[in-house]
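Survey of secondary and tertiary structure
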There are 2 protein chains.
Amino acid sequence: MKNYFLHNEWQIIEEGFNPEMHEAAESIFSIGNGKMGQRAMFEETYSGKTLQGSYIAGVYYPDKTRVGWWKNGYPEYFAKVLNSPNWIKMNIEIDGESVDLFKHAPANFKRVLDMKTGLLQRSFDYTTSTNKKFTVSVERFMSKEDDEIACIRYSITAHASADINWSSGIDAHVKNTDSNYDEIFWSRVSEKNDDNSAWLTSKTNKLHFEVCEGFFVKMFIDKNEQNAAQYSNSDWNVSAHWKLKAEQGKTYCMEKYVSIVSNMYYDNASLESACQNNLQKARELGYDKLKTRHTNSWASLWENADITIDGDIAAQQGIRFNIFQLHQTYSGRDPRLNIGPKGFTGEKYGGSTYWDTEAYCIPFYLGTSDASISKQLLRYRYNQLDKAIENAEKLGFTNGAALYPMVTMNGEECHNEWEITFEEIHRNGAIAFAIFQYGLYTGDLSYLNEGGAEVLLGISRFWSQRIHWSDAKKQYVMHGVTGPNEYENNVNNNWYTNYISNWCMKYTAEVIQNISNTDKAYYNDFCTKTKFNADELVRWKDITENMFFPADENLGIFLQQEGYLDKEQILATDLPTNQRPINQHWSWDRILRSCFIKQADVLQGMFLFEDHFDVETLKRNFDFYEPRTVHESSLSPCIHVIQATKLGYEEKAYELYLRTSRLDLDDYNKEVHEGLHITSMAGTWMSVVMGFGGLRIKKDTLSFAPMLPKHWSGFSFLVRYRDAIISVRVNKEKLFLNLNASHTLSCEVYGETISLEPNNEVSLNLKAIYVQ
Amino acid sequence: MKNYFLHNEWQIIEEGFNPEMHEAAESIFSIGNGKMGQRAMFEETYSGKTLQGSYIAGVYYPDKTRVGWWKNGYPEYFAKVLNSPNWIKMNIEIDGESVDLFKHAPANFKRVLDMKTGLLQRSFDYTTSTNKKFTVSVERFMSKEDDEIACIRYSITAHASADINWSSGIDAHVKNTDSNYDEIFWSRVSEKNDDNSAWLTSKTNKLHFEVCEGFFVKMFIDKNEQNAAQYSNSDWNVSAHWKLKAEQGKTYCMEKYVSIVSNMYYDNASLESACQNNLQKARELGYDKLKTRHTNSWASLWENADITIDGDIAAQQGIRFNIFQLHQTYSGRDPRLNIGPKGFTGEKYGGSTYWDTEAYCIPFYLGTSDASISKQLLRYRYNQLDKAIENAEKLGFTNGAALYPMVTMNGEECHNEWEITFEEIHRNGAIAFAIFQYGLYTGDLSYLNEGGAEVLLGISRFWSQRIHWSDAKKQYVMHGVTGPNEYENNVNNNWYTNYISNWCMKYTAEVIQNISNTDKAYYNDFCTKTKFNADELVRWKDITENMFFPADENLGIFLQQEGYLDKEQILATDLPTNQRPINQHWSWDRILRSCFIKQADVLQGMFLFEDHFDVETLKRNFDFYEPRTVHESSLSPCIHVIQATKLGYEEKAYELYLRTSRLDLDDYNKEVHEGLHITSMAGTWMSVVMGFGGLRIKKDTLSFAPMLPKHWSGFSFLVRYRDAIISVRVNKEKLFLNLNASHTLSCEVYGETISLEPNNEVSLNLKAIYVQ
């Protein structure tokens, strides 16, 4: 669907309506504010294909597991993101016939998502069966400032006279498409209205999340407010009705103000009053002020988060779309929340937490937001440590070993494929690495004493039990794993997993040693609480000194797993295009037998631990693995961009950058109708900042090594480092650095140390190619 | 449940009723005649736990696949054995209260399955709520002679007077317990009755198997026939009613004669008349004659199939139970039928065809039955060759490569676990081996020209594409397989699969060569039909000359797969008993990582290809693998018995023999309530005949090497070899051989050639231990 949406620096634009593309567009035009979000369904009736989705952060449903063949250790439930009451709903009858864009194709249809302001707008000309014409324009937002409030302004200009019967309401009788047993996940609690508003309360089955949603409308004829709404309620529904006789040339407008509150933040008894309070606030502020507060909030967010790309509108649009969606999804205000792979844009993957958060999202939030936001994400895992320990116990581990779940909402494992659930255990490594990385970016080590060390200990204990001694090899080995490249299952000695497991044990030992040296009191508490015994370090040391890492000496590369070179070695370019993506064309055994790599695996490890290897080693591995990588995971191309830029492979970097940044806009993986790839969007940010910007933060040193793709005339970004914000700007010749901080900061550019003074822009010559 | 059923040479006996054991007993007491079969549910109402199951051979339902995570190549359907209309159903109301053994525990309960005659009998004393006493006795059989007829004789002796309202009928409103979407698989066609009988027709959904079942009853008071039945019909039901005033001391008996016909054998239009014809025949013959025909049929079957074991009733009962159940399941009269792993005793595994048939059942039928029976089983696969080729095409294979399904009813794959469906491909090898073995036993090579060679070619083409050249090893390898030991998945170079695949190519080449030398006309047809090109032989030869077979030189063993010795090497005896069976206690990853072996794998290969290896090699492999084998598959112990006897490990052989022969009677795997392990019962036969009897048939030579376990005082069996039947009898000192044939036959005993004359028993000294 390349070029279906128009290229524009700040906007996503659809011109002309195509029902075949409607579900894809519903995903692309999704809006959200971190507390709630929604696919871009139409307000009015639509009888064509649509994936309805309104989501409330933290409100989920544990759907009973459905598998063909049960295995011991599978979880009983899979936490599903919940399609919640539909608050945009309207039905507009013109002379008794519902407006329905599937039945009557609109003319001059245009839909715009303005990323600068977070406003979703739509306009079209509509002709009824009896040939009466109307012009419709709609604006909608979910307030980034007042995050329990959302508004719609829906205007109809009549080009003929007609009877219009306009109702607007909230419909709680909603279903998940992804429901294992085709159940409704909600129960009714109450529907109510008074003369000025209506509200309903619904409760999720099993976990009893309770949600109250209320609304009121204001109606205008040619901007003159009317007082004509009739509120009513019925089972599962509340609504407002406006009967009007439209006259040619007049514009009829309904503003809908909605409040959505849940018992995540209020007790059940106060839900209705919390909802009413929001409605009262909305009534007082009115549409325009609410809108201004919302757009101001986005404006201040962009100040610290924007990336500009000059001379390449597609690339500019792509990166902004990624940043925008990430900030729509997660605000960092609540440690119970996390970033689901589809955010608020679809049901797939259950909307739960994956290792994506630590491996991809945390660097993004560290680089663009206050440290407190990333810390919430770390706390999320600490709060779930007990469940990770229980999870490991289910699999036969002991002594406080922790295995974090592959997929979770509340800390319990949800996933149920043995090769993933039980074997894709490298996720534990990313969780440890995020703790390390948080310290690097922020300089704040306090989290280690606030639970971080306990998390690290649980993880290292797991590794030390999962690894075993091979008498045959006279080395430690790790069997039966699935690495980041999920196109291999149940392999032995996946290099990445072996490497990160060993790093975890070394880092944990260092952290514990440090605590015991510097904070005896906490160290004693820690030992008591975790029953930590210094003998554990002996085994970790023995493992890390005698671990097997598969490698090939002739090629000078690490091996993705033992036996990888036994495979038939062909390249992705050898694949006929009609067989790609291979996961839509090949049976699973064929994929597994092939040498093709879904996403960075060895290279993922060389990305995380880049400074452990010289650039020649990186080059050999990149040159070997990149041509075998089919990038059929959204998480893959960004890592390769970063390495390609480092190695000076500009064309490859640019090609993969487009793939990551426009993955959803251009629907590379042919699945955008199911929702957006939210977590990988953080990888896109990394691909600009760490790729083309060459940002690295290592051991108290910030460094840059920008390169400018020839398709661009310049680019700029900001990055947070400890208490400073550094703005980086690149044009065809120069590189400009500006420090926003209260002190000088030294950093490295192309390996040279330079000193930055606050607000004193420094310019340097840009290097076309810089290979470390 | 060891010793729950009493030990007896010819009978299975349950004394006393235990509702907890009822489902297990329903399995154990199952009856069948090859065309239909049934679990031993009670005729009268039973409100306790019961697994209802009446099955008709060949009538199945393609249930829509249910998986958690779909993979390309998965089949749309899983063929389920169908619980069909319940023809035993009765309801007996005494003074308005239904007889129900769950509500009123019976006294003197006894249930007997007589294996010699195929009769299921039950008797008990019953006391009503009002303390009235009755004695009940029931006899049931499904005629082995008249295989569309079944009978019940149900007698009630009154020890008090009472009003009895006795109804008996057929209930077509039945469900499968194993239904993926909780659907009813049947539709009604019609229910009818006249004054003397009632019948109904039902149709399966989707495939429209149609079944007509009819019955009539005869009633007796103290053996005087009554004429009092009222027939009726209603939706899904037909029934006969008998209202009687029971008097103390009198016996009331109802004989129920049932006819079951399906459109497997009649067209739909003639189903009712076929059913009526059977009823007419039953009416003419009467209960006693029908019973005699049935028991005579069993008697003649036992003449050729019995194995006697002296001095060990448990062992004797075990082997007869196995032989009996096999002959209840399959008669070899129809090439569309096969032997489901649970036969007619439960729903698990879908009742379909597995590699069990070729690897276990064919040797049994070859050894005990006319060659035509085994040939039907070979034809079954030939008739499904087209589907096997389609199946391979789905997985990316070309040029007529055939992959037979893991599980099938009509030739289409049913199974949906990638590691099994796509990777447990050794099944292809067993199918080829059965063709080879059929020739060995029967001397009849005609099947090769009747499709056998085509099957072999499809299989060898598959192997030649599934194997690839490893540049690293400079050898051919086979990746991503699951061997017979399903406690390893997706391994590389499973020795067994590599070995049998290479054998297939060599054997196929030999067969094709032979055809081209001896039957040019057929060879030309064959080449035209299959597009066979002699160049294919070149690749096969290259593979078989350069194949990699994992082995350990120090230990002198073949390796189950590459890397097996990297595992932590512990023994089954090291496992705490509370962790066994491990498949009920360990998560799947832990099972996979462990060295524990579910069932013979390397040893399965050394069993099939015994004469390719010297006995020292077998001993080293057996000594290594046996202690690591947990025998959690029913197919495992029998193979180890055969090898243990060969190696002179008498105690081990005896222990494993009991495990295989009494697997269900003693419920070793804690799952007999789901049904019996029918296919592994053929392995039990092998364990006696090939194990303790030492039978081998290799290249036109029949050989024996009996050993007598010290727990036995003797044993005997018969074996068919080409046109002869040889009876073998062993006592503490001697071995007796008798030939039933029209010519002399030479065979080997303990490696010495002897000549057998027809009907002239030869006796020889028994060797305590004979190691080749």
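Going along each chain's sequence as written, the residues are numbered from 1 onward. Here chains are named by letter from A upward and ligands by number from 1 upward, in the order in which they appear as written. With pLDDT at 70 or above as the cut-off, local features in this predicted model cover only qualifying residues; side-chain atom pairs require 80 or more to be listed or tallied, and sums for whole chains, interfaces and linings still use all residues. To get the side-chain values, all heavy atoms of the structure are used, and hydrogens and water are removed first.

Let's shift gears to the interface of chain A and chain B. Counting from both sides, the interface comprises 45 residues of chain A and, opposite them, 46 residues of chain B. In total, about 3,800 Å² of surface goes out of reach between chain A and chain B, with carbon and sulfur atoms giving 50% of it. The largest share of the area that chain A buries against chain B comes from Trp69, Asp566 and Arg593 of chain A, three residues that together contribute 20% of it. Think of a salt bridge as a Lys or Arg side-chain nitrogen and an Asp or Glu carboxyl oxygen that are within 4 Å of each other. Linking Lys473 of chain B and Asp566 of chain A is a salt bridge whose minimum nitrogen-to-oxygen distance equals 2.3 Å. Note on definitions: a residue-residue contact is assigned when non-hydrogen atoms from the two residues lie within 4.5 Å. By buried area we mean how much accessible surface two parts lose on assembly, using a 1.4 Å probe and totalling the loss over both.

Before going further, it helps to spend a moment on the sheet that holds strand S3 (residues 36-38) of chain B. Residues and elements named next belong to chain B. Any two strands with at least two DSSP bridges between them are considered paired. Going along the chain from the N terminus, every DSSP run of H or I of four or more residues is numbered as a helix, and every run of E of two or more is numbered as a strand. Strand order in this open sheet of three strands is S2-S3-S4, and the pairing throughout is antiparallel. The open sheet terminates on both sides in strands that have one partner only, identified here as strand S2 (31-32) and strand S4 (54-56). For S3 and S4, the ladder comprises three bridges, and the chain directions are antiparallel. The residue bridging Met36 from the neighbouring strand is Ile56, located in S4.

A separate point is the pairing of strand S12 (residues 149-158) of chain B. All names here are of chain B. Of all the 10 residues making up S12, eight are buried; the element is thus mostly covered by neighbouring parts of the structure. Where strand S11 (residues 133-142) meets S12, nine bridges bridge the pair, whose relative direction is antiparallel. Residue pairing across strands places Ser137 opposite Ser155, the latter belonging to S12. Connecting S11 to the antiparallel partner S12 that follows it, the hairpin turn spans six residues. The sheet contact formed by S12 and strand S20 (residues 251-262) spans nine bridges and is antiparallel. Directly across from Cys151, in S20, lies its bridge partner Tyr257. Note on classification: 1.4 Å probe, protein chains only; a residue is buried when its accessible area is under 20% of the maximum for its type, exposed when over 50%, partly exposed between these limits.

Turning our eyes to something else, we now look at the nonpolar core. What tends to happen in soluble globular proteins is that the nonpolar side chains get buried as a cluster. Here, nonpolar core means buried Ala, Val, Leu, Ile, Met, Phe, Trp, Tyr and Cys residues that are tied together by side-chain atoms lying within 4.5 Å of each other. Membership of the largest hydrophobic core comes to 515 residues, with the highest contact counts inside it found for Trp166 and Ile726 of chain A together with Trp166 and Ile726 of chain B. In this structure Trp166 of chain A touches Met90, Asn91, Ile92, Tyr154, Ile156, Ala240, His241, Trp242, Leu244, Tyr252, Cys253 and Met254 of chain A, once residues within four positions along its chain are discounted.

All names here are of chain B. Expected helix span is computed as 1.5 Å times (number of residues minus one). With 21 residues, helix H9 (residues 446-466) extends 29 Å from end C-alpha to end C-alpha; this agrees with the ideal 30 Å at 1.5 Å per step. At Gly452, H9 is deflected by roughly 65 degrees, the largest bend along its length. With 17 of 21 residues buried, H9 is to be regarded as a mostly interior element. Two axes enter the bend calculation: one fitted to the seven residues ending at the residue in question, the other to the seven starting there, and the bend is the angle between them.

Let us now look at the relation of the copies chain A and chain B. Once turned by 180 degrees and shifted 0.0 Å along the axis, chain A lies on chain B with an RMSD of 0.0 Å. Such a combination of rotation and displacement between the chain copies is what one expects of a two-fold axis. Within chain A, Val67 of chain A has its C-alpha nearest the rotation axis, a separation of 2.4 Å. Of the interface residues in chain A, 100% have counterparts in chain B that sit at the interface too, so the contact is made through matching surfaces. Least squares is the method used to superpose the copies, on C-alpha atoms of residues holding a pLDDT of at least 70 in both.

Note that Arg466 of chain A resides in helix H9 (residues 446-466). The charge count includes Lys and Arg as positive and Asp and Glu as negative, but it does not include His or the ends of the chains. The buried charged residue Arg466 of chain A lacks any salt bridge, with Asp589 of chain B as its nearest oppositely charged partner at 4.2 Å. At a separation of 2.9 Å, a polar atom in the side chain of Arg466 of chain A contacts the main-chain carbonyl oxygen of Gly480 of chain A. Leaving out residues up to four positions away in the same chain, Arg466 of chain A has contacts with Phe397, Phe422, Glu423, Ile425, Met478, His479, Gly480 and Val481 of chain A together with Asp589 and Arg593 of chain B. Definition of a polar contact: a pair of N or O atoms within 3.5 Å, with one able to donate and the other able to accept a hydrogen when the atoms are protein atoms, and with sequence-neighbouring residues admitted only if both atoms are side-chain atoms.

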